[in-house]
Amino acid sequence: MSKSARNDRVRYRATFLNTLGASLVMVGFFLPGMRLYEGYDHRLSRSEAWSVSLRFFQTEPGAVSVTALILGFCLHFIALHHLKKLQD
């Protein structure tokens, strides 16, 4: 296999992993936001809103969003590691 073909395979693999990682990061950021906006009571004080937000992260959707963020960033760093294999 030629060097350019190998470089293309490395780039495609890194692009795929980075796309998956970006998607998971978006889910991890938007899932809590949408959930909190849906159930947010605008009559709450700022401290009460913070306590509701912190309790959300202790529930299953909160754990899923944090896990999605962590996996997304891990996939991004794996993609960066693959790009180091490119040859001149």
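Before any of the text, the structure's been laid out above.
Residues numbered from 1 in each chain as written. Predicted model: local features only at pLDDT ≥ 70, side-chain atom pairs only at ≥ 80, totals over all residues. Heavy atoms only, no water.

### Here we look at the overall build of the chain
Inference 1: Counting secondary structure elements, the chain contains 3 helices and 0 strands.
Inference 2: Counting helices and strands in the order they occur from the N terminus, the chain gives α-α-α.
Inference 3: Put simply, of all contacts in the chain between residues at least 6 apart along the chain, 81% involve residues at least 24 apart.
Inference 4: Here the chain has roughly 6800 Å² of accessible surface; of this, 65% comes from carbon and sulfur atoms. (Helix = DSSP H or I, 4+ residues; strand = E, 2+ residues; numbered from the N terminus. Contact = heavy atoms within 4.5 Å. Areas by Shrake-Rupley, 256 points an atom, 1.4 Å probe, with all protein chains shown as cover.)

### A short note on a nonpolar patch on the surface
Inference 1: The grouping of M26, F29, F30, M34, F73, F77, L80, L83 and L86 at the surface amounts to a nonpolar patch, some 900 Å² of accessible area in total.
Inference 2: Looking at the nonpolar patch, the elements with two or more residues in it are α1 (3–38) and α3 (60–83).
Inference 3: If you trace the backbone, L83 turns up in helix α3. (Patch = residues over 30% accessible without salt bridge, like charges linked within 9 Å, V, L, I, M, F, W, Y side chains within 5 Å. Salt bridge = Lys/Arg side-chain N within 4 Å of Asp/Glu carboxyl O.)

### Some words on α3
Inference 1: In this model, α3 (24 residues) spans 35 Å end to end at C-alpha, consistent with the 34 Å of a helix rising 1.5 Å per residue.
Inference 2: For α3, every residue scored as buried is listed here: G62, S65, A68, L69, G72, L75, A79 and H82. (Expected span 1.5 Å × (residues − 1). Buried < 20%, exposed > 50% of the residue type's maximum accessible area, 1.4 Å probe, protein only.)

### Overview of helix α2 (residues 46–56)
Inference 1: For α2, the complete set of buried residues consists of A49, S53 and F56. Angularly, the buried residues of α2 cover 55° about the axis, an arc narrow enough to put them on a single face. Residues of α2 that are exposed and point more than 90 degrees away from the buried face comprise S47, W50, L54 and R55. (Arc of directions from axis to C-beta.)

### Here we look at the environment of M1
Inference 1: Assignment of secondary structure puts M1 in the segment before α1.
Inference 2: The contacts of M1, once residues within four sequence positions are left out, are R6 and R9.

### A word on the environment of R11
Inference 1: Locating R11 in the fold gives a position in helix α1.
Inference 2: Taking the relative accessible area as the measure of exposure, R11 reaches 39% and is therefore partly exposed.
Inference 3: The sequence separation of R11 and S47 amounts to 36 residues, and the corresponding C-alpha distance is 47 Å.

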